[in-house]
Amino acid sequence: MIQVRDIRKSYGRLRAVRGISFDLPQGQVAGLLGPNGAGKSTTIRMITGALSPDSGSISIDGFSTTRQGPRARSRIGYLPESAPLYPEMTPRSYLQFRARLCGLSRSDGRRAVDRVLERCWLRDVARRRIGHLSKGYRQRVGLAGAMLADPPVLILDEPGNGLDPTQIRETRELIRELGRERTMLISSHILAEIELIADRVLVIASGTLRADAPPAELVAQASSISSPHVRPRYVIELRVPSDDRAALVDATAWLARVPGVERVDLAASPRDGWARVTALPDAAHAHEDLREAIAGDATSRGVMLRELSRELPSLEQAFLALIESAQDDASAERAA
Amino acid sequence: MSTIAIALREWRSLFRLPVGWIVIALFLLLTGIVFAYETLSPGAPASLRNFFSLSGFMLMVVAPAISMRLLSEEYRMGTWEVLSTLPVRESSIVVGKYAGACLFLVSMFLPTLAYVAVLYRFADPAPDPGPILAGYLALALLGLFYLSIGLCCSAITSNQTLAFLATLMTIFAIHMASARLPALLPEPFASIVRELGFAPRAADFARGIVDLAHVAYFLAGSAWFVLAAYIAVLARRWR
């Protein structure tokens, strides 16, 4: 449905996007991640047709965004970051205006406006001035605008911006529902959000595509990078002779000597004779399970454990590792 | 259909904002004073000449005030990003915006028909309709021309103040250049530059002379600036 081929864009000497390619088939929900200034917004603006790439091509449902602009754009519903709207209009008049520009007839437009007002919980404020609405409501008016013409592709830039936790949950439900029948590209800073709704994650850093995989696979991919962010962690709760911190260092010294353990950190202050620590494996042992070794050592030393678990890295940690490696590459490139 | 929707939104939004009402109120106040004190005085000729010359002068400021927000405001607010990603052609956006501003100008001139009605009611002998029609035609053409310059300036910058000043400066520059430059230039350049001026043409209309060449000048000039605005808007996708 969305086909992006080697797109590039420079602003003067700044190379914002340096050759990004991917395909998004129908019905897939993809999350677009990247730090600020990574080229994420430029990429989204090129896909929506707001900007033309310097080279490369983009097609939406088979229509080129540069050669068949209006037809390609008719397949897209776009919510830009911070949902820009006309403050002097009401949500209803704004949506009616947008419906006309999408080519809907007056009666179809009216039906579509009623439908999206209902779906985005905007009925109560439909006749209030947009300038007087809260940020959360304005965001929903923007989302309603994107859904208006029932396009097969939805592109949402930071849809959770400015929403309170309840609204975020409601919006997530709505996006999930919309994602069942549409192709979606969602950019967000909230990684947990993407993990919950996206089938696939695209990570952009320094203008290039660093990763393209389902969230779980991305974590596995990232673990090949030698960053402490993507190694699993062991959480251990063990008996200590006293709640004194000095005593704790002695009581956990053996743990740092277990083969494969690189570092031991205190996770929470000791209470009632129990201390909670985390152990980080070294890069060579990142893919091994050290639980048996730790438990065996504890038994032989007579240390009592009441918890021993292995925690896999989250998408956020995988993302941080990918970004770090991209930044390393970029600085190496500059040095060269 | 999109062009009409854009034009109507633009026209309505000017009435939803203070700027629209302030411009109309000031225009009617000043022209009203001139009409009441100069045209309606005993013994004064039954013509709207004073009103037309003041209106023509005021248009130089009023038109840039209306046109400055046409596209600059969209760029500044970020609404351009939505507009430019809808299935609408750039030409529809540019023409729609221009038509909306022209409609606003028509709304501003409409109440001045009351001056004409008053003149016909009280003047004896009745005024000659020719100069009045020619005067309104001149105002309409000047309005179209100034607004097209304003649209073009607004298409280039996201700063409304800059758009306003650039429009004003362009209008003055055309006026000054066509009035002063010919004396300094050799022929045939002097006549070419003189022909590019609009002030003598507007003066002809004020005398009741409707010359088709003048009409063509204003229409062609407006079309040229609207085209320049269209190119500026197209270029935004390639920035």
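A. Highlighting the overall build of chain B. Assigned secondary structure in chain B consists of 12 helices and zero strands. When the helices and strands of chain B are placed in sequence order, the string is α-α-α-α-α-α-α-α-α-α-α-α. For 239 residues, the compact-globule estimate of 2.2 N^0.38 gives 18 Å, and the C-alpha radius of gyration of chain B, at 19 Å, lies within 12% of that figure. If one aligns the C-alpha atoms of chain B with their principal axes, the spans along those axes are about 60 × 50 × 30 Å. A burial count over chain B gives 38% of its 239 residues as buried. Considering only intrachain contacts with a sequence separation of at least 6, the fraction spanning at least 24 residues in chain B is 78%.

B. Seen up close, the sheet that holds strand E9 (residues 200–205) of chain A. All names here are of chain A. Here we have six strands laid out as an open sheet, ordered E6-E7-E8-E3-E9-E10, and mixed in their pairing. Two strands close off the open sheet at either side, each with one partner strand: strand E6 (76–79) and strand E10 (208–213). With strand direction ignored, the average angle separating the axes of adjacent strands in the sheet is 15°. Bridge count between strand E3 (residues 29–33) and strand E8 (residues 183–187): four bridges; the pairing is parallel. Bridge pairing links Val29 to Met184 in E8. Sheet strands in contact with helix H1 (residues 40–48) are E3, E6, strand E7 (153–157), E8 and E9, and its direction is about 150° off that of E7. Relative to E6, helix H5 (residues 135–147) is tilted by about 170°, and along the sheet it contacts E6 and E7.

C. Layout of the interface of chain B and chain A. With 20 residues of chain B at the contact, the number on the chain A side is 21 residues. Residue assignment for the side of chain B that touches chain A shows that the elements contributing at least two residues are helix H1 (2–16) and helix H5 (79–83) of chain B. Broken down by element, the side of chain B that touches chain A gets its largest block of residues, five residues, from H1 of chain B. Tallied by class, residues from the side of chain B that touches chain A come to nine nonpolar, six polar and five charged.

D. Layout of the sheet that holds strand E4 (residues 55–60) of chain A. Residue and element names in this part refer to chain A. With antiparallel pairing, four strands are arranged side by side in an open sheet as E2-E1-E4-E5. Only two strands of the sheet have a single partner each, and these edge strands are strand E2 (14–24) and strand E5 (63–64). Here strand E1 (residues 2–11) runs beside E4; their pairing, made up of five bridges, is antiparallel. When the sheet's bridge partners are listed, Ile2 is paired in E4 with Ile60. Sheet contacts for H1: E1, E2 and E4; angle to E1, the most-contacted strand, approximately 125°.

E. Up close: the nonpolar core. Among the nonpolar cores identified, the biggest contains 138 residues, and Ala144 and Ile186 of chain A together with Leu147 of chain B are the most heavily contacted of them. The element contributing the most residues to this core is helix H8 (residues 129–156) of chain B, with 14 residues. Filtering out sequence-adjacent residues up to four positions away, Ala144 of chain A remains in contact with Leu95, Val116, Leu117, Cys120 and Leu122 of chain A. By size, the runner-up hydrophobic cluster in this structure holds 13 residues, among which are Val240, Ala251, Ala275 and Ala279 of chain A.

F. Main features of the pairing of E6 of chain A. All names here are of chain A. Across the two faces of E6 the burial is the same, with Ile76 and Tyr78 and Gly77 and Leu79 all buried. Where E6 lies against E7, four bridges are found, and the strand directions are parallel. Pairing of Leu79 across the sheet is with Leu156, part of E7.

G. Quick peek at the confidence of the model for chain A. Taken as a whole, chain A shows an average pLDDT of 87; of its residues, 98% reach a score of 70 or greater. Highest mean pLDDT in chain A belongs to helix H3 (residues 91–101) of chain A (95); lowest belongs to helix H11 (residues 315–335) of chain A (73).

H. Up close: the pairing of E8 of chain A. Residues and elements named next belong to chain A. Of all five residues that make up E8, five are buried, and the element is covered over most of its length. Alternating positions in E8 separate into two faces, Thr183, Leu185 and Ser187 on one and Met184 and Ile186 on the other, with burial throughout. Sheet topology places E7 next to E8; five bridges connect them, and they run parallel. Along E8, the bridge assignment pairs Asp157 with Ser187. Of the crossover connections in this fold, the one passing from E7 over helix H6 (residues 165–179) to the parallel E8 is right-handed.

I. Just the environment of Pro25 of chain A, in detail. Residues and elements named next belong to chain A. By the secondary structure assignment, Pro25 is in the loop between E2 and E3. Residue Pro25 is classed as exposed on the basis of its 12 C-beta neighbours within 10 Å. The spacing of Pro25 and Ser82 is 57 residues in sequence and 27 Å in space, taken between C-alpha atoms.

J. Seen up close, H1 of chain A. Residues and elements named next belong to chain A. Most of H1 sits inside the fold, with nine of its nine residues counted as buried. Those residues of H1 lying buried are Lys40, Ser41, Thr42, Thr43, Ile44, Arg45, Met46, Ile47 and Thr48. Two residues or fewer past H1, Gly49 is found with a positive phi of approximately 95°.

K. Looking closely at the packing of H8 of chain B against helix H9 (residues 160–184) of chain B. Residue and element names in this part refer to chain B. H9 packs onto H8 with a crossing angle of 135° between their chain directions and a minimal axis gap of 9 Å. With respect to H9, the axis of H8 lies oblique. H8 and H9 meet at a crossing whose hand is right-handed. Counting all contacts with H8, which are made through Tyr146, Ile149, Gly150, Cys153 and Ser154, the residues of H9 involved are Ala163, Ala166, Thr167, Thr170 and Ile171. Taken together, the residues of the contact of H8 with H9 break down into six nonpolar, four polar and no charged.

L. Local environment of unusual backbone geometry. With an omega dihedral of 5°, the bond running from Glu187 of chain B to Pro188 of chain B counts as a cis peptide bond. Here the phi dihedral of Ser82 of chain A falls at roughly 65°; this positive angle occurs in a residue that is not glycine. Positive phi outside glycine occurs at Ser206 of chain A, with the angle close to 50°. As for its position among the elements, Ser206 of chain A is in the loop between E9 and E10. Classification of Ser206 of chain A by C-beta neighbours within 10 Å gives buried; the count is 21.

M. Representation of the packing of helix H3 (residues 49–67) of chain B against H9 of chain B. Residues and elements named next belong to chain B. Remark: H3 packs on H9, axes separated minimally by 9 Å, with the N-to-C direction vectors making an angle of 145°. When you trace H3 past H9, the crossing you get is right-handed. Residue-level inspection shows Met60, Pro64, Ala65 and Ser67 of H3 in contact with H9, the latter providing Phe164, Thr167, Leu168 and Ile171. Across the contact of H3 with H9, the residue classes break down as six nonpolar, two polar and no charged.

So, how was this worked out
- Residues numbered from 1 in each chain as written.
- Chains lettered and ligands numbered in written order.
- Predicted model: local features only at pLDDT ≥ 70, side-chain atom pairs only at ≥ 80, totals over all residues.
- Helix = DSSP H or I, 4+ residues; strand = E, 2+ residues; numbered from the N terminus.
- Rg over C-alpha atoms; globule rule 2.2 N^0.38 Å.
- Buried ≥ 20, exposed ≤ 12 C-beta atoms within 10 Å, placed from the backbone.
- Contact = placed C-beta atoms within 7 Å.
- Pairing = 2+ DSSP bridges.
- Axes fitted to C-alpha atoms, helices over the stretch in contact; angles between N-to-C directions.
- Nonpolar A, V, L, I, M, F, W, Y, C, P; charged D, E, K, R; others polar.
- Core = buried A, V, L, I, M, F, W, Y, C linked by C-beta atoms within 7 Å.
- pLDDT = per-residue confidence, 0-100.
- Right-handed = clockwise from strand over helix to strand, strands pointing away.
- Parallel < 35°, antiparallel > 145°, perpendicular 65-115°, else oblique.
- Left-handed = near helix turned anticlockwise from the far one by under 90°.

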